[in-house]
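Take a look at the letters that make up each chain.
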Amino acid sequence: MEECTKHKKDDIVLVKSRAGDAIPPIHVKLLERIITKPRKGNKFDWPGYSGWMATPIYQKEIEILKKEWSIPLIKVNKDLTFVYDDDIIKKIT
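Q: Got a minute to help me understand the overall build of the protein in this structure?
A: Regarding its fold elements, the protein presents one helix and five strands. Reading the protein from its N end, one meets helices and strands in the order β-β-β-α-β-β. Projected onto its principal axes, the C-alpha positions of the protein cover 40 × 30 × 25 Å. Per-residue burial for the protein yields a buried fraction of 33% across its 93 residues. At a minimum sequence separation of 6, the contacts of the protein that also span at least 24 residues come to 58%. In the protein, which carries 18 positive and 14 negative side-chain charges, the distance between the mean positions of the two groups comes to 3 Å.

Rendered as structure tokens:
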């Protein structure tokens, strides 16, 4: 697993949902980098992953996700979500 050096804290990025392409992408602000190394388990080994803790930045996008997809986000800059590096579509700022 390579560390993504392309993005940094406080970047605004467009992200897609892990749940599928039908759910629209949203804009989030990256807050904290998370990197987890692979671990050995009892029955199988857990892969490592990397991404960011992030917060949505547009209330309108939150309302669409909540109303149409029952995704429990409530308020801009208050809700936290995890964003995998692979789910970042592009940097906005």
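Anyway, onward from the coordinates.
Q: Mind showing me how you'd approach the pattern of salt bridges here?
A: Between side chains of opposite charge, a pair can form as their charged atoms come close. Under the definition given, this model contains six salt bridges. Its salt-bridge partner being Lys 8, residue Asp 11 comes within 3.7 Å of it at the nearest N-O pair. Look at Asp 11 and you get buried, because its relative accessible area is 5%. For Lys 91, the salt bridge identified is with Asp 11, shortest N-O distance 3.7 Å. Linking Lys 91 in strand β5 (residues 88-91) with Asp 11 in the segment before β1 (12-15), this pair joins segments that are 80 residues apart in sequence. For Lys 91, a relative accessible area of 36% puts it in the partly exposed group. Overlapping salt bridges bring together Lys 8, Asp 11 and Lys 91 as one network.

Q: Can you help me understand unusual backbone geometry in this one?
A: Outside of glycine, negative phi angles account for most residues, and trans bonds account for most peptide bonds. Of note, the phi angle at Asp 10 is positive, near 75°, even though the residue is not glycine. Along the chain, the position of Asp 10 falls in the segment before β1. Asp 10 gets classed as partly exposed once you look at its relative accessible area, which sits at 41%. Located in the positive-phi region is Ser 70, a residue other than glycine, with phi close to 55°. Relative to the helices and strands, Ser 70 resides in the loop between α1 (59-69) and β4 (81-84).

The rules we used
Residues numbered from 1 in each chain as written. Predicted model: local features only at pLDDT ≥ 70, side-chain atom pairs only at ≥ 80, totals over all residues. Heavy atoms only, no water. Helix = DSSP H or I, 4+ residues; strand = E, 2+ residues; numbered from the N terminus. Buried < 20%, exposed > 50% of the residue type's maximum accessible area, 1.4 Å probe, protein only. Contact = heavy atoms within 4.5 Å. Lys, Arg positive; Asp, Glu negative; His and termini not counted. Charge placed at Lys NZ, Arg CZ, Asp CG, Glu CD. Salt bridge = Lys/Arg side-chain N within 4 Å of Asp/Glu carboxyl O.

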